[in-house]
Amino acid sequence: FNCNTPDSVEVLSTSHNSANLVWSIGNNVIIEYGNKGFDIGQGIRLNNLNNNYANLNNLQSNTEYEFYLRDSCGPYSYSKWVGPFDFKTFCDDSILITALNETFDSGLTTGCWSTIPYTSWELINNVASINARDTTNWLISPPIILNDHNYLCFDYNGYRYSGLSVAISTTGKQINDFNQVLFDTLYMLDDFDERICLDLENPNDTIYIGFKNNSNGYVSSWKYNQLDNIEITECASPQNITSELLS
């Protein structure tokens, strides 16, 4: 038999633990899927699919997958495999974390971060970067359980005429939820490159942390401000250290 090869393959939608696939052509399609880079024969197979769609369930969140398809038109008669096609599941931002140490060295490494309302924060050279003129979009941490008095510490590199706002929310991760401001500044005279530590005043609570850029409009549009090494710690690093001569 001459089997038709599945065509017009598309990933219709994804969630943190599922993906919906559609295709045209094929009456008895076989799908094999697995983590990105898997070899055919080592994945999970779905057989005898005759409705031109499939739902892949029980997937891992924030994970890259690939899949292949072929049609079956009789005993031991198959079309060629087509693929790989790829997709990535979303982060499951309902998962609470109890420790935060985000270095951005291989993407977002601690829990599920998000950007609202648009995806404008970027991972460039292992830091989180945003255009220095962008004052709209927030970088939001995953939900964090605080069990004691802690400090939020991070490295910030900002350009003159721009700055940073840091706020926390105990109710959700919409913009209006971030009503407890920890830090809000605009650097007018010099560029800024320093480690900043802020007192978190919400022990025994679950919080989101939001970072937003500030700007007065004079900073160049090709400048980017950067965040790195974001952590929650019991001890804050000493800052603004001065010395005096004792006699």
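From a predicted model like this one, the values you see are computed outputs, not experimental measurements. (Residues numbered from 1 in each chain as written. Predicted model: local features only at pLDDT ≥ 70, side-chain atom pairs only at ≥ 80, totals over all residues. Heavy atoms only, no water.)

**Q** Is there a simple way to think about the sheet that holds strand β5 (residues 53–56) in this case?
**A** What the three strands build is an open sheet, ordered β1-β2-β5; its pairing is antiparallel. Here the strands that pair on one side only, and so sit at the sheet edges, are β1 (7–14) and β5. With direction set aside, neighbouring strand axes in the sheet form an average angle of 20°. Here β1 runs beside strand β2 (residues 19–24); their pairing, made up of five bridges, is antiparallel. Paired with threonine 14 across the two strands is alanine 19, which belongs to β2. (Pairing = 2+ DSSP bridges. Helix = DSSP H or I, 4+ residues; strand = E, 2+ residues; numbered from the N terminus. Axes fitted to C-alpha atoms, helices over the stretch in contact; angles between N-to-C directions.)

**Q** Whenever I open this one, unusual backbone geometry confuses me. Can you help?
**A** Generally, phi is negative for residues other than glycine and the peptide bonds are trans, each holding for most cases. In this structure, the amide linkage connecting glycine 83 to the following residue, proline 84, adopts the cis form with an omega of 10°. Here the bond from isoleucine 116 into proline 117 is cis, since omega is -5°, no more than 30 degrees from zero. Tracing the sequence through the fold places proline 117 in the loop between β10 (114–116) and β11 (122–124). Located in the positive-phi region is asparagine 58, a residue other than glycine, with phi close to 60°. The backbone of tyrosine 76 shows a phi angle near 60°, a positive value even though the residue is not glycine.

**Q** What is the right way to look at the side chain of serine 15 in this model?
**A** Examined against the element boundaries, serine 15 turns out to sit in the loop between β1 and β2. A polar contact is formed between the side chain of serine 15 and the side chain of serine 18, at a distance of 2.7 Å. Not counting residues within four places of it along the chain, the set of residues in contact with serine 15 comprises Thr89 and Phe90. (Polar contact = N/O pair within 3.5 Å; in protein donor to acceptor, adjacent residues only side chain to side chain. Contact = heavy atoms within 4.5 Å.)

**Q** Mind showing me how you'd approach the packing of aromatic side chains here?
**A** Going through the model one piece at a time under the given rule, you end up with 10 aromatic pairs. Considering the side-chain rings of tyrosine 65 and phenylalanine 87, the 5.5 Å spacing of their centres and the 20° angle between planes classify their relative orientation as stacked. Taken together, the residues span a long stretch of sequence, with tyrosine 65 in strand β6 (residues 64–74) and phenylalanine 87 in strand β8 (residues 82–88) at a distance of 22 residues. The two residues tyrosine 65 and phenylalanine 87 agree in class, both being buried. Sitting over the face of the ring of tyrosine 78, arginine 70 holds its NZ or CZ atom 4.0 Å from the ring centroid. (Phe/Tyr/Trp six-rings, centres within 6.5 Å; stacked < 30°, edge-to-face > 60°. Buried < 20%, exposed > 50% of the residue type's maximum accessible area, 1.4 Å probe, protein only. Lys NZ or Arg CZ within 6 Å of the ring centre and 35° of its normal.)

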